[in-house]
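Given next are the chains, with one letter for each unit.
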Amino acid sequence: MSAIRRRKNSEASKATNSEKTNYDGDDDKKKKIDEEEEDNNKKNKKRKKWSCVDTCCWLIGCICVTWWLLLFLYNAMPASFNQYVTEAITGPVPDPPGVKLRKEGLRARHPVVFVPGIVTGGLELWEGKQCADGLFRKRLWGGTFGEVYKRPLCWVEHMSLDNETGLDPSGIRVRPVSGLVAADYFAPGYFVWAVLIANLARIGYEEKTMYMASYDWRISFQNTEVRDQTLSRIKSHIELMVATTGGKKAVIIPHSMGVLYFLHFMKWVEAPAPMGGGGGPDWCSKHIKAVMNIGGPFLGVPKAVSGLFSAEAKDIAVARAIAPGFLDNDLFRLQTLQHAMKMSRTWDSTMSMVPKGGDTIWGGIDWSPEEICSPSSRKQRNNDTHAKGDLTGNEVSQTKRVNYGRIVSFGKDVAEAPSSEIEMIEFRDAVKGNNVANTTCRDVWTEYHDMGIGGIKAVAEYKTYTAGSIIDLLQFVAPKMMARGSAHFSYGIADNLDDTKYQHYKYWSNPLETKLPNAPDMEIFSMYGVGIPTERAYVYKLSPLADCYIPFQIDTSADDTEEDSCLNDGVYSVDGDETVPVLSAGFMCAKAWRGKTRFNPSGSRTYIREYDHSPPSNLLEGRGTQSGAHVDIMGNFALIEDVIRVAAGASGEDLGGDQVYSGIFKWSEKINLQL
């Protein structure tokens, strides 16, 4: 019995032990399950903690990978791939002008001089402050613009000029890049002169027969000679090129502000030293065959007014409306528009672009030469210059009259109201003061901060400004800038061009206050694009009062309800090349210089060559070969062909005389100017 009991007890103990073992196994399993659950919870928590920084890094990584992949594919594909795809879509692409004209037998003949315009020429650093270490002879303007992003405040400091002298600030020297590379490309892939240079090379031109007259486009025209002797260098290069090509006269090709710069040069080179170059009254006649002005703002541009007045144009105003405060607020410790205004107001050259001729040219409160809004009307090519651009009866009935003479109006109602209903309160004698700006924005102060509430309100209460009162407006809001500008530029119309006061250099870039050279065989061309809405007048409003804000803004809410309107986003548009209105680009050659006039006493022949804008048909065409836009026109095949033909010996008559699509002749007839 005892044995049986022992066996039972042992079996019971075994059963108990096995049960314990089972319980222990269950505990281990539970622990493992719990641990796995904890791990899963931790992983889930980690996933939930995905931050905005992670998203940004992931997005930047994707962009970089995509960019490098596209760059690899671009470099790996054959050079002819773009042309192959384009031809597959649009048909055979015509030969470039240089290839076409070489097949016709044209060869290099006259030396060519390029005169770049504002902002398109490269500038490099020769001396700077400590923040610019490592940038010696690196481009601050043009190229990649990398320094703008790396050290923006340092870049602004080095691109600004002295606000008193209009020359270099102490310890800073920024100089123009020399050679053809100075303005062939503005930035990688964005050509300026490169296409024209390449096509000239196809008929035999090379660097010894082409010269880029680069200059520091920030400073006043006469100061380019005072500081850098740029005008003397241009004179010497032209003389050398003419001498080494057997006496063949040069063809000058200025673009944009370069048109005004070369107009100044032609008077400077004739004037006696020390103010002038001492070349004598027949220098231009001996050395220049033709001046082919591309996109020339002879009479200025309204766009310059908005830039100086509120540091904005249509594009910036629209961006400001889309992202309110982005350009005004402290962005990376940089009040963008305020710094842009402070910098650009030290650039004296910008004042050469202010509209010239006052109300006589641009119109008054109740009239303007253009008058009719017809932004989309396009006429067929017609070689009868006085018939081109005229509106038919049907076109007039479908258009709207616009008061383009009111370049700046405070409110859409003011821009459209009859002049008898506008109560204008004089601003010129208004007392400035009651400054609301605090000391926190001293580093970005503009001259507006000295005006105070009283001065700002006085400007707005005058209601509307024409080209005649714009000069007074700029003198009121930017007295330091205009004090320098008035010493170098003028904006009126000469009563008597024989008056000795017009021998001063301040008048030389104003075609209405100076005579063309005594060069009857020299030809002058106005070559510009048409068919693009171009800024002509603005609707403004007072911006919200704040410590560092610019007090005036383009009112982007001002729009016309019609589909085909000339008022969009607070800007009235006319025909032009997107920057220069037709009136400014064409009037001098259409009327003031045509034939023997007091502005053209020797009767130099003038021609207008307009190029009707046609945008590229697909992305592979880049900026297009038929563009009329202000810079893109430099790649326009028709314009390049005209330039090459003249450089190869042709005259304006050989090109077919005038080529006009706009209403420039009709508008010119409305301008009552003594000739």
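Up top is the structure these notes are about.
Residues numbered from 1 in each chain as written. Predicted model: local features only at pLDDT ≥ 70, side-chain atom pairs only at ≥ 80, totals over all residues. Heavy atoms only, no water.

Turning our eyes to something else, we now look at the packing of helix 19 (residues 467-477) against helix 20 (residues 479-486). The N-to-C vectors of helix 19 and helix 20 enclose an angle of 125 degrees; their axes lie 5 Å apart at closest approach. Put simply, helix 19 runs oblique to helix 20. Every residue of helix 20 that contacts helix 19 at Ile 471, Leu 474, Gln 475, Phe 476 and Val 477 is listed here: Pro 479, Met 482 and Ser 486. Here the residues of the contact of helix 19 with helix 20 are counted per class, giving six nonpolar, two polar and no charged. (Axes fitted to C-alpha atoms, helices over the stretch in contact; angles between N-to-C directions. Helix = DSSP H or I, 4+ residues; strand = E, 2+ residues; numbered from the N terminus. Parallel < 35°, antiparallel > 145°, perpendicular 65-115°, else oblique. Contact = heavy atoms within 4.5 Å. Nonpolar A, V, L, I, M, F, W, Y, C, P; charged D, E, K, R; others polar.)

Let us look at the sheet that holds strand 3 (residues 139-141). Across the sheet, three strands lie side by side as 3-2-4; this open sheet has antiparallel pairing. The sheet is open, and its two edges are formed by strand 3 and strand 4 (173-176), each paired on a single side. Strand-to-strand twist across the sheet, computed as the mean angle between neighbouring axes with direction ignored, equals 45 degrees. Contacting strand 2 (123-127), strand 3 and strand 4, helix 6 (residues 152-159) runs over the sheet at an angle of about 80 degrees to strand 3. (Pairing = 2+ DSSP bridges.)

A separate point is helix 8 (residues 221-228). Among the eight residues of helix 8, seven are classified as buried, and the element is accordingly described as predominantly covered. Looking at helix 8, one finds that the buried residues are Phe 221, Gln 222, Asn 223, Thr 224, Glu 225, Arg 227 and Asp 228. Each element contacted by the buried residues of helix 8 is listed here: strand 4, helix 9 (230-244) and helix 10 (257-270). One or two residues past the end of helix 8 sits Gln 229, with phi positive at roughly 55 degrees. (Buried < 20%, exposed > 50% of the residue type's maximum accessible area, 1.4 Å probe, protein only.)

Any two side chains of opposite charge can pair, given that their charged atoms come close. Per the counting criterion, the structure on display carries 28 salt bridges. As a salt-bridge pair, Asp 366 and Arg 406 come within 3.8 Å of each other at their nearest N and O atoms. Here Arg 406 lies in the loop between strand 13 (400-401) and strand 14 (408-410) and Asp 366 lies in the loop between helix 15 (358-362) and strand 12 (372-373), a separation of 40 residues in the sequence. Taking the relative accessible area as the measure of exposure, Arg 406 reaches 2% and is therefore buried. (Salt bridge = Lys/Arg side-chain N within 4 Å of Asp/Glu carboxyl O.)

On the surface, a nonpolar cluster with roughly 350 Å² of combined accessible area is contributed by Trp 58, Leu 59 and Ile 63. Inspection of the secondary structure puts Leu 59 in helix 2 (residues 52-76). (Patch = residues over 30% accessible without salt bridge, like charges linked within 9 Å, V, L, I, M, F, W, Y side chains within 5 Å. Areas by Shrake-Rupley, 256 points an atom, 1.4 Å probe, with all protein chains shown as cover.)

Turning our attention to the side chain of Asp 555. If you trace the backbone, Asp 555 turns up in the loop between strand 18 (552-554) and strand 19 (567-568). The buried charged residue Asp 555 lacks any salt bridge, with Lys 541 as its nearest oppositely charged partner at 4.3 Å. With sequence-adjacent residues up to four places away left out, Asp 555 is seen in contact with Val 539, Tyr 540, Lys 541, Asp 569 and Gly 570. (Lys, Arg positive; Asp, Glu negative; His and termini not counted.)

Moving on, we come to the state of the cysteines. Taken as a whole and judged by the stated rule, the model has two disulfides. Covalently, Cys 131 is tied to Cys 154 through a disulfide, its sulfur atoms 2.1 Å apart. When the S-S torsion is 80 degrees, as for the bridge of Cys 131 with Cys 154, the disulfide is right-handed. In this pair, Cys 131 sits in the loop between strand 2 and strand 3 while Cys 154 sits in helix 6, placing the two residues 23 residues apart along the sequence. Owing to a relative accessible area of 32%, Cys 131 belongs among the partly exposed residues under this scheme. The partner cysteine of Cys 373 in its disulfide is Cys 566, sulfur to sulfur 1.8 Å. Negative torsions about the S-S bond denote left-handed disulfides, and the value of about 100 degrees found for Cys 373 with Cys 566 makes this one right-handed. Of this pair, Cys 373 sits in strand 12 while Cys 566 sits in the loop between strand 18 and strand 19, and the two are 193 residues apart along the sequence. Here the two residues Cys 373 and Cys 566 agree in accessibility, since each one is buried. Each bonded cysteine in the chain gets a number by its place in the sequence, and the pairs come out as 1-2, 3-4. (Disulfide = S-S within 2.5 Å.)

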